[in-house]
Amino acid sequence: LGHTANFASAWSPDSRWLAVALPSDGSISGLERIFVETGERKPLTEPPEGQRDGQPSISPDGSAIVFLRHISGNDRDLYWQPLSENGEPSGTAKRLTFIRNTVSSPTWTADGRRILYSLQGHLWELDPEAPDQSVKVLAWGGIPDASPRFALSHSTGRIAFEQAIRITDIYRIDRSEGGTFGAPIRLIASNSMDVHPDIHPTGEKIAFASGRSGFPAIWICDADGSNPYQLVSFSGRPGGGPSWSPDGNEIAYDSWETGPNSIYVIPAAGGQARKLTDDSARDAAPSWSRDGKWIYFTSNR
C-alpha cells in the first residue's frame, strides 16, 4: 500500500463502510469511504496540496470522524470532521491541536464525548468542544519522545499499547602520550538512552541527556561516569545538546517544553533556566563561542 505508517482504517457504526487512507494515483491524500458490499469509494476528507490524512477514528454515534493530518515530515495534528446521518462529510474539517509533532492513534471514548491520543511519551485526552484543554492521562514509559499506537476496549475500558525501548550508552576512548588510541570503554550507561555528552572545560564533569528517570532530562556526572545527578527534566519530547559555557558556570540546551525547539541556558549548579529564543522556529544544538559571549545553534528560521 505504501506509506504504511499512515495506513489505518475505521468501521462505521453500522459496519456498512470503512474510512481508509489508501493510495490514489500513486499517493495518499484524503480519507475515503469504502462500502463493504460494493467496493465503491467516496471522498471523505480533502487536505491541502502536499498534505495527507490518516489514522481515522469514527465516533460511536457516527456523527464525526477524527483523524491525523500530516502537514510535513513527522509534523501532524488532529482534525475533526462532522458527518451527516448517512456518513457524508458535513461542513469543513476543524483543527483540534496545533502541536505539529508525532501525534498518534486518535481514539474516541465509549460515550463519544472525548478523544484519546498518544504524544511524546504520554496518553492525552481532549474534548472536541474545548480542544485547547487537553489533559495528560498517563505516561507510556519506554522511549520518552515516542507516541505509541494503542487500542481502547469500550466494553472493559482497558488499553493495549506498544512500548519501544532503546538503549544507548556513552563510551570513552583514551589516547596515550604517543598518540595511539585505546579500546572504547563504556563510561555512562543505564537502561535507557544516554546521549549528547559534553565535557566540562576542566575535564572534571560531563553533561549529557538521558531518559534514565523515565522522562528525558539533562544530567551531570563526574569525569569517570560516577555520581550522576539530574540538572533539568522535560515533561515530553527530550531536550538535548547540553553545552558547557567556557567558564563552566552555565549549560545551554534545547527543549520542546513550550512548542518547537527553543534554546535555554541554566546555571550548572541548578536554578531557573533562561529562555533565549522564541517558539517561532526550531532551534537546536547550541554551542558556545570561546569567549562565552555568543551561542551558535541550528535553526529552520
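The present account deals with the structure reproduced in this document. (Residues numbered from 1 in each chain as written. Predicted model: local features only at pLDDT ≥ 70, side-chain atom pairs only at ≥ 80, totals over all residues. Heavy atoms only, no water.)

Our focus in this paragraph is the environment of I99. Take I99: it is sitting in the loop between β8 (94-95) and β9 (104-108). Take I99: its relative accessible area is 25%, and that puts it in the partly exposed class. Here the alpha-carbon distance between I99 and A284, two residues 185 residues apart in the chain, equals 18 Å. Among residues more than four places away in sequence, those in contact with I99 are D77, Y117 and L119. (Helix = DSSP H or I, 4+ residues; strand = E, 2+ residues; numbered from the N terminus. Buried < 20%, exposed > 50% of the residue type's maximum accessible area, 1.4 Å probe, protein only. Contact = heavy atoms within 4.5 Å.)

Now for the packing of aromatic side chains. All told, the structure shown has three aromatic pairs when counted by the stated rule. Ring centres 6.0 Å apart and planes at 20 degrees place the aromatic pair F67 and Y79 in the stacked group. Of the two residues, F67 sits in strand β6 (residues 64-72) while Y79 sits in strand β7 (residues 75-82), which places them 12 residues apart along the sequence. For the pair F67 and Y79, one class covers both residues: buried. When the centroid spacing of 6.4 Å and the interplanar angle of 10 degrees are considered together, the rings of Y117 and W124 count as stacked. Y117 sits in the buried class, given a relative accessible area of 2%. A relative accessible area of 16% places W124 in the buried class. One residue, R69, lies across the ring of Y79, its end atom 4.6 Å from the ring centre. (Phe/Tyr/Trp six-rings, centres within 6.5 Å; stacked < 30°, edge-to-face > 60°. Lys NZ or Arg CZ within 6 Å of the ring centre and 35° of its normal.)

None of the figures reported here should be taken as evidence of function without further support.
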